[in-house]
Amino acid sequence: MATSSKPWLSLPLFQEKPAAFLDAVAAYLNSLSALNFQQRRDLAVFKAAELINALIQIRERKKTPDRLGPALARASFQQVRRVIRERRLHLGNGEVIDLRDPLIRDLIDEGCRLFHEGKQDAAVYQSALALSAAQCLVLNG
């Protein structure tokens, strides 16, 4: 893969990744390019909530000194699950992010599927990571 046409390949995160992972990221990037500005914004807000929840869960599970406690970890997990089920994210300022758009819904569903199947299969887990990496690249680009 040429880095001039794919500047993300020059990021340190991708330097030592196998070709199959980089190919998966590129494929997901291609499909994510269909998202318009509003879809990207809505997905970005969801992705931020999802990643914050993941960090909270990791810190809680590892019992790090800076963890936030089981009550907040449980509430964060339940909030993300509720958003996935209801396809709506209620923000503190009263705004509601609607995630029912078919493109967004399919991306969230695919991420959930890969994450859960990846618990049993390392190759599938790498696909989940590739999708997540591609989403972060697109949503921050």
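Relevant structure appears above.
Read on for an overview of the structure.

Rules of the game
- Residues numbered from 1 in each chain as written.
- Predicted model: local features only at pLDDT ≥ 70, side-chain atom pairs only at ≥ 80, totals over all residues.
- Heavy atoms only, no water.
- Patch = residues over 30% accessible without salt bridge, like charges linked within 9 Å, V, L, I, M, F, W, Y side chains within 5 Å.
- Areas by Shrake-Rupley, 256 points an atom, 1.4 Å probe, with all protein chains shown as cover.
- Salt bridge = Lys/Arg side-chain N within 4 Å of Asp/Glu carboxyl O.
- Helix = DSSP H or I, 4+ residues; strand = E, 2+ residues; numbered from the N terminus.
- Buried < 20%, exposed > 50% of the residue type's maximum accessible area, 1.4 Å probe, protein only.
- Core = buried A, V, L, I, M, F, W, Y, C linked by side-chain atoms within 4.5 Å.
- Contact = heavy atoms within 4.5 Å.

## Some words on a nonpolar patch on the surface
Taken together, Phe115, Tyr125 and Leu129 make up a surface patch of nonpolar side chains, about 260 Å² in accessible area. Looking at where phenylalanine 115 falls in the secondary structure, it is placed in helix α4 (residues 102-118). For phenylalanine 115, a relative accessible area of 41% translates into the label partly exposed.

## Quick look at the nonpolar core
Ranked by size, the top nonpolar core spans 30 residues in total, and within it Trp8, Phe14, Val25, Leu43, Leu99 and Ile108 carry the most contacts. Counting residues per element, the ones that place at least two in this core are α1 (19-32), α2 (37-62), α4 and α5 (122-139). Those residues within four positions of phenylalanine 14 in sequence are excluded, and the remaining contacts are Trp8, Leu9, Phe21, Leu22, Val25, Ala133 and Leu137.

## A closer look at the pattern of salt bridges
The full count for this structure, using the stated rule, is ten salt bridges. Notably, a salt bridge pairs arginine 41 with glutamate 95, separated by 2.9 Å at the nearest N-O pair. With arginine 41 in helix α2 and glutamate 95 in the loop between β1 (88-90) and β2 (96-98), this residue pair connects regions lying 54 residues apart in the sequence. Here arginine 87 makes a salt bridge to aspartate 109, at a shortest N to O gap of 2.5 Å.

## Focus: unusual backbone geometry
Notably, lysine 63 is not glycine yet its phi reads approximately 55 degrees, a positive angle. By the element assignment, lysine 63 lies in the loop between α2 and α3 (70-86). Judged by relative accessible area, lysine 63 falls into the exposed class, the value being 55%. Positive phi outside glycine occurs at arginine 87, with the angle close to 65 degrees. Mapped onto the elements, arginine 87 comes out in the loop between α3 and β1.

## Some thoughts on the side chain of glutamate 60
Here glutamate 60 lies in helix α2. Given a relative accessible area of 14%, glutamate 60 falls into the buried group. Setting aside residues no more than four positions away along its own chain, glutamate 60 makes contact with Arg67, Leu68, Gly69, Pro70 and Ala73.

Taken by themselves, the reported measurements are silent on function.
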